[in-house]
Amino acid sequence: MSSTEQGTSSAAPAEPTTAPESAAAPEVPESFYYVHGKDKVVHKVSAGALQHSALIHGMISNLGYTEEQAKANPFPFENIDGDILQMVVDWCNQHKGKPTPPEDTNLPKQKEKLFDLVLAVNYLEIKELLTYCCKQVAMMVKGKSPEEIREIWMIPTDAEDEAAEKEAKKRAGKEAAGETAAAAGDAK
Amino acid sequence: MTEHKFPFLRLPDDLRSKVLQTTEYLEMIAYSFVSKKAYSMIQSFRLPILTVRITMKKQPEIEVKLSAISIKFGLNMQENDEKMTHLNGLPVNVRVTYLNFENHEFSKKISTWTNQGKTVGEWIQHLCSISQAECYVADFLVRDIELDTPTLRKIFPKLRTVSVKFPQAEANENDITSAKHVFKAFLVDVKDVRLEQFPFQDNLSLQHIGMGNSKILQLYDPRNIRIDDLLTLNAESIFLKTSQVPLRDLNSFFKLWKKGSNPKLEKLNVMWEPTRNFIPKWKILMKGLKAKKSRAEGEVPMKFRIKNVRGALAEIRCVFFDIHLAYVQFTVSI
């Protein structure tokens, strides 16, 4: 995955080399922040791009970091895979300061990553991207029969569901019994 | 199947709900068949279903209408002419027709689903209980189906409209029995009744059936109908399409209305297809009614006004379109 237009990716906080490019140069220099995912690769993202994320936006508003402080303290998102975070950062950069269109063609195309992407976007509270992602999940079952939906969305049948619940209860019962026996042993 | 899989149930509840609400109604309904939990989730959405129309015939149909969208489920039963369709029968498969008239554009999609392991009755129950529809309508083609009152009561929701259709051929014992089961099951609550080619008999008159509570009664080509039978009804609107010329009977009906019968009646439309060379004698219709003519003779439609003992006024419009159509429209104005 290449680094974003405005940002760079590295194992450690990177030195900002270029100012973000936009049609009209901003009068006030844009501030940048740093985020990293599970892989610890740091992404440099402008405050404008991060505005899409209600979570990060809230964090920024509360912190009031200087550029140096931001560089030294990247936001850690240990629950998000590095490549997923990269996709999110890319999307935020692409849509920085722009109204989001009703149909987004810049959505990540890798369907196998869609689940992790949805969770990440939900966690980061990026409303528009979440809407697009949900639309993409919904499109997977467009025109499908109940059986096809069950298969695509990996939904167990009622019988499978009941069997799994029974199994889970059985396991919980065994564990509880084991704990009781262990506690009795300790008491002796 | 080559589609990529997605662990949908691993999404948090709110996201699952968001995804489902992004799908179209057809997919939402399809999803409701996937599991009991899925069904509950779709129920919680309270889909804006306007009408569910159930047509009980050889190949039953259930049509779900949501604003400009109509989804028709055609239950394909085993082809066997001797065997009648009943509510416990298992469809071979289900033909799903999706029609969308949104934004003045028309689109149609047809797909075939399995029977989902559900009988005709279970299909009806499932589709009627996904969401509380504004109106449930049921048509029963009595020749093709086998019914009993308890099962009908158990399976069908509270119906607003019931239609009972007899075949062109002479009614047999099963037809009559099926119709009686329908009446017994629904007539207490139903507001709108439509009867087609109904074979009225001494023991199967409108009074016997118990039409007392229906507000709208529509009779299409009834057999052996007596206009007198309409006198005891509480219906507010009655429509009758008949093959017989009913002018003399209507005259008696209006005379009795003037004396105070049918106090709830607001509208009566009687229509018939005239035979060749038929010229309606409106004088027969108006004889003894002391009606005031409000249009000149020969003008179409001819209009008369009558008044009853309670002081209610009614207008009688008489229309005759050559050999195509003749009708009498009676409207009470307060």
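Residues numbered from 1 in each chain as written. Chains lettered and ligands numbered in written order. Predicted model: local features only at pLDDT ≥ 70, side-chain atom pairs only at ≥ 80, totals over all residues. Heavy atoms only, no water.

S.K.: Break down the overall build of chain B for me, with residues and values.
M.R.: Per the secondary structure count, chain B includes nine helices and 17 strands. If you line up chain B on its principal axes, its C-alpha atoms span 80 × 45 × 40 Å. Across the 334 residues in chain B, those meeting the buried criterion constitute 51%. Working note: accessible area of chain B is about 16,800 Å², and carbon and sulfur atoms make up 48% of it. Counting 50 positive and 36 negative side-chain charges, chain B places the averaged centre of each group 7 Å from the other. (Helix = DSSP H or I, 4+ residues; strand = E, 2+ residues; numbered from the N terminus. Buried < 20%, exposed > 50% of the residue type's maximum accessible area, 1.4 Å probe, protein only. Areas by Shrake-Rupley, 256 points an atom, 1.4 Å probe, with all protein chains shown as cover. Lys, Arg positive; Asp, Glu negative; His and termini not counted. Charge placed at Lys NZ, Arg CZ, Asp CG, Glu CD.)

S.K.: For the nonpolar core, give the residues involved together with the corresponding values.
M.R.: In this structure, W153 of chain A together with F73, F140, F156, F254 and I316 of chain B are the most contacted members of the largest nonpolar core, which totals 145 residues. In this structure I316 of chain B touches F254, L285, M286, L289, M302, K303, F304, I306, V328, Q329 and F330 of chain B, once residues within four positions along its chain are discounted. (Core = buried A, V, L, I, M, F, W, Y, C linked by side-chain atoms within 4.5 Å. Contact = heavy atoms within 4.5 Å.)

S.K.: Describe the UniProt feature "domain: F-box" (unreviewed entry) in chain B, listing the residues and the values that go with them.
M.R.: Residues given the UniProt feature "domain: F-box" (unreviewed entry) here are residues 5–54 of chain B. Strand forms 8% of residues 5–54 of chain B and helix 54%; the C-alpha atoms that close the span are 35 Å apart. (UniProt positions renumbered as here; feature names shortened; annotations may be inferred.)

S.K.: Please give an account of the packing of helix α6 (residues 127–139) of chain A against helix α1 (residues 13–22) of chain B that cites residues and values.
M.R.: Taken N-terminus to C-terminus, the directions of α6 of chain A and α1 of chain B make an angle of 65 degrees; their axes are 8 Å apart at the nearest point. Here α6 of chain A is positioned roughly perpendicular relative to α1 of chain B, judged by the angle of their axes. For the pair α6 of chain A and α1 of chain B, the crossing hand works out as right-handed. Across from L130, T131, C134, K135, V137 and A138 of chain A in α6 of chain A, the residues of α1 of chain B making contact are L15, K18, V19 and T22 of chain B. (Axes fitted to C-alpha atoms, helices over the stretch in contact; angles between N-to-C directions. Parallel < 35°, antiparallel > 145°, perpendicular 65-115°, else oblique. Left-handed = near helix turned anticlockwise from the far one by under 90°.)

S.K.: So, the UniProt feature "domain: SKP1 component dimerisation" (unreviewed entry) in chain A: which residues are in play, and what are the values?
M.R.: According to UniProt, the "domain: SKP1 component dimerisation" (unreviewed entry) feature falls on residues 127–170 of chain A. Taken end to end, residues 127–170 of chain A is 75% helix and 0% strand, and its two terminal C-alpha atoms sit 41 Å from one another.

S.K.: Break down the UniProt feature "domain: SKP1 component POZ" (unreviewed entry) in chain A for me, with residues and values.
M.R.: UniProt feature "domain: SKP1 component POZ" (unreviewed entry): in the numbering of this structure it lies at residues 38–96 of chain A. A helix fraction of 56% and a strand fraction of 12% characterise residues 38–96 of chain A, whose end C-alpha atoms lie 24 Å from each other.

S.K.: Requested: an account of helix α4 (residues 82–94) of chain A, with residues and values cited.
M.R.: Residue and element names in this part refer to chain A. Compared with an ideal rise of 1.5 Å per residue, which puts 13 residues at 18 Å, α4 spans 18 Å between its outermost C-alpha atoms and is within 8% of the ideal. Of all 13 residues in α4, eleven are buried, a share of seventy percent or more. What α4 keeps buried is the set G82, I84, L85, Q86, M87, V88, V89, D90, W91, C92 and N93. (Expected span 1.5 Å × (residues − 1).)

S.K.: Can you tell me about the interface of chain B and chain A, naming the residues and giving the values?
M.R.: Of the residues lining the interface, 30 residues belong to chain B; the matching set on chain A comes to 34 residues. Where chain B abuts chain A, roughly 3,100 Å² becomes buried across the two surfaces, and 69% of that area is made up of carbon and sulfur atoms. Put simply, chain B and chain A have four salt bridges between them. Note that D161 of chain A is salt-bridged to K37 of chain B, the shortest N-O span being 3.1 Å. Here chain B and chain A share eleven residue pairs in polar contact (both at pLDDT 80 or more) between them. (Buried area = accessible area lost by both parts, 1.4 Å probe. Salt bridge = Lys/Arg side-chain N within 4 Å of Asp/Glu carboxyl O. Polar contact = N/O pair within 3.5 Å; in protein donor to acceptor, adjacent residues only side chain to side chain.)

S.K.: Got a sec to walk through helix α2 (residues 25–32) of chain B? Specific residues and values, please.
M.R.: Among the eight residues in α2 of chain B, seven count as buried, and that is most of the element. Three or more residues of α2 of chain B are buried, namely L26, E27, M28, I29, A30, Y31 and S32 of chain B.

S.K.: Now, about the pattern of salt bridges: what can you tell me, with residues and values included?
M.R.: Summed over all chains, the structure comprises 15 salt bridges over all chains. Here K38 of chain A ties to D81 of chain A by a salt bridge, and the two come within 3.2 Å at their closest N and O atoms. A residue pair is termed long-range when its members are at least 10 positions apart, and K38 of chain A in the loop between β2 (32–36) and β3 (42–46) and D81 of chain A in the loop between β4 (75–76) and α4 qualify at 43 residues. With its nearest N and O atoms 2.6 Å apart, the salt bridge here joins R143 of chain B to D175 of chain B. Residue R143 of chain B is found in the loop between β7 (135–141) and β8 (145–146), and its partner D175 of chain B is found in helix α6 (residues 173–186); the two are separated by 32 residues along the sequence. Classification of R143 of chain B as partly exposed rests on a relative accessible area of 27%. Since its relative accessible area comes to 0%, D175 of chain B is described here as buried. Here the salt bridges do not stand alone but share partners, grouping K142 of chain A together with E24 and K109 of chain B into one network.

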